[in-house]
Amino acid sequence: MKYYSTNGRVSVVSLEEAVVKGLAGDKGLFMPEQIKRLDSKVIDGLKDKSFHGIACLVARSFFSEDVELEILDELVKDTLSFDTPVVPVSENCFSLELFHGPTLAFKDVGGRFMARLLGYFIRKRGLNDVNVLVATSGDTGSAVANGFLGVPGIRVFVLYPKGKVSPIQECQFTTLGQNIVALEIDGTFDDCQALVKNAFMDESLNKHLTLTSANSINVARFLPQSFYYFNAYAQLDRQGKAGELVVSVPSGNFGNITAGLFAARMGLPVKHFIAANNRNDVFLEYLKTGEYHSRSSVSTIANAMDVGDPSNFARILDLYKKAGNVHQAICNDISGYRYMDEEIAETMRKTYRETGYVLDPHGACGFQALLDYGLKEGETGVFLETAYPAKFKETVDRILNTDIVIPLKLQAFMKGVKQSVELGKDFQGFKQFLLTY
Ligand SMILES: *Cc1c(COP(=O)(O)O)cnc(C)c1O
């Protein structure tokens, strides 16, 4: 299958090139030329399959022309060493728990799949020196670093803002060693992202080094996220509850919800999507006004969603480009909600008090949006619980007055020794560092 750029100013490329390059030459995002629709019999049969079986089916639909089936199935199996259960929280609302992977956030799925697929292409091409650059405000860095740990031929540079990620998050990518290099940048997350973007645009740097991105602009990271929408459907179908699904996605860069929209295009019966935001609400503004204006991000307690210019918005527009009225078509499929920190905290407290379920600040936005949307008779709500609450222990304990247990998986990271390189936020210094590393 070929991949085109959302900006449409470069020719189509192979999957291999889309994955190795990350971003298209015209700065657009890669999109698959086709989204194949699954037969309704196949959808009906999902309930009889395992998560692995479901994920293989979805993966084949995108990647089978480019990766041998046996290898692809193996990649999927390797990626999904954990489950994504749906757990009832209230009468007709379920939490889709995506946090049972190694770094306890949904990004493990895309991070691990991308690492394995890129590893496969590198072996095939005989490349041995690919550099993955990833800017992180916390969660992306850990999922990507853990996904790529020990993959031959690939080195990962994780850029993070000094003093601005939680200690638990920091230890998940600074203690790994091997092919993972943590760069502690004396600046903000935006500075980290700017360094990465400048690196991709710097001609002389790209002449010397093969650089790629592991943010959700990379198709290999965001497409596999469609697996768990199918898995959620299968689980609810087994309980006779999948008839009219409303799916709420806590959104930042909009990769996760875009993967859900892809699943729907493949024929997964989802009646409606909800994009739940924190104070960073440019998408909600778009739904209300039809105009999109990026902004600088503001800090919130749901910090993985502090994004003022969501990169996958370009993919959403592209999905609807054939509609007569693009804005109207998007509004028909997706609703938007926005929550201030105090509202997020209130949802967490109320839910804990009334149901005993501990929400993390991101999942809380998703759950509250389902409540505010107002499910009708016969509809089932699913919100994506994107991270394990203990990842945000200080915040969750403060709000709920709890002392939640840090799982062993996380404790293991916290015992490691921090290794990082401190760098300023000037591009020349960063470039020099990369060239001489
Ligand atoms: C990354 C992240 C999000 C936002 O996902 P996008 O795909 O960027 O919209 C939400 N919650 C958590 C915990 C995350 O790590």
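Let us look at the structure shown here. Everything numeric here is computed off the predicted structure, so don't read it as measured data.

Here the focus is the sheet that holds strand β7 (residues 154-161). Strands in a sheet are paired, the pairing made by backbone hydrogen bonds, and the direction either parallel or antiparallel. Across the sheet, which stays open at both edges, the five strands sit in the order β9-β6-β7-β8-β14 with parallel pairing between neighbours. At either margin of the open sheet sits one strand with a lone partner, and together these are β9 (210-213) and β14 (421-423). Neighbour-to-neighbour, the strand axes of the sheet open up by a mean angle of 30 degrees, direction not taken into account. Here strand β8 (residues 180-185) pairs with β14 via three bridges, running parallel. Bridge pairing in β14 links Glu-184 to Glu-422. Relative to β7, helix α5 (residues 107-125) is tilted by about 145 degrees, and along the sheet it contacts β6 (130-135), β7 and β9.

Let us now look at the site of the ligand. Lining the immediate environment of the ligand, one finds 15 residues, of which Lys-107, Gly-252, Asn-253, Phe-254 and Thr-386 sit closest. Note that an oxygen atom of the ligand is positioned 2.7 Å from one of the backbone N or O atoms of Gly-252. In the environment of the ligand, an oxygen atom lies 2.7 Å from a nitrogen or oxygen atom belonging to the backbone of Asn-253. Counted by class, the shell around the ligand contains six nonpolar, seven polar and two charged residues.

Two quantities define a packed helix pair, namely the angle between the helix axes and the distance between the axes. Two elements in contact, helix α11 (residues 227-238) and helix α12 (residues 255-265), have axes whose closest approach is 8 Å; the angle formed by their N-to-C orientations is 60 degrees. Relative to α12, α11 is oriented oblique. Viewed along their axes, α11 and α12 form a crossing whose handedness is right-handed. Counted together, Tyr-228, Tyr-229 and Phe-230 of α11 and Asn-256, Ile-257, Ala-259, Gly-260 and Ala-263 of α12 form the full contact between these two elements. For the contact of α11 with α12, the per-class residue count stands at six nonpolar, two polar and no charged.

Another aspect to go through is the sheet that holds strand β2 (residues 13-14). Within the open sheet, the three strands sit side by side as β2-β1-β3. Their pairing is antiparallel. For this open sheet the edge positions go to β2 and β3 (30-32), each flanked by a neighbour on one side alone. Taken together, the two bridges between strand β1 (residues 2-5) and β2 define a ladder with antiparallel strand orientation. Paired with Lys-2 across the strands is Ser-14, a residue of β2.

This part covers the side chain of His-362. Take His-362: it is sitting in helix α17 (residues 361-373). A distance of 3.5 Å separates a polar atom in the side chain of His-362 from the backbone nitrogen of Asn-303. Here Ala-304 takes part through its backbone nitrogen, which lies 3.1 Å from a polar atom of the side chain of His-362. The residues touching His-362, leaving out its near neighbours within four places in the chain, are Pro-250, Ala-302, Asn-303, Ala-304, Met-305, Thr-386 and Phe-392.

For the rest of this paragraph, the subject is the environment of Phe-63. Along the chain, the position of Phe-63 falls in helix α3 (residues 51-63). Under the relative-accessibility criterion, Phe-63 is labelled buried at 1%. Sequence separation of Phe-63 and Met-1 is 62 residues, and the distance between their C-alpha atoms is 7.4 Å. Non-local contacts of Phe-63, meaning those with residues more than four positions away in its chain, are made with Tyr-3, Leu-15, Leu-72, Phe-113 and Leu-223.

Bringing the environment of Phe-62 into the picture now. You can see Phe-62 is positioned in helix α3. Classification of Phe-62 by relative accessible area gives buried; the value is 3%. Along the sequence, Phe-62 and Met-1 sit 61 residues apart, while their C-alpha atoms lie 7.6 Å from each other.

Rules behind the numbers
Residues numbered from 1 in each chain as written. Predicted model: local features only at pLDDT ≥ 70, side-chain atom pairs only at ≥ 80, totals over all residues. Heavy atoms only, no water. Pairing = 2+ DSSP bridges. Helix = DSSP H or I, 4+ residues; strand = E, 2+ residues; numbered from the N terminus. Axes fitted to C-alpha atoms, helices over the stretch in contact; angles between N-to-C directions. Contact = heavy atoms within 4.5 Å. Near = heavy atom within 4 Å. Polar contact = N/O pair within 3.5 Å; in protein donor to acceptor, adjacent residues only side chain to side chain. Nonpolar A, V, L, I, M, F, W, Y, C, P; charged D, E, K, R; others polar. Parallel < 35°, antiparallel > 145°, perpendicular 65-115°, else oblique. Left-handed = near helix turned anticlockwise from the far one by under 90°. Buried < 20%, exposed > 50% of the residue type's maximum accessible area, 1.4 Å probe, protein only.

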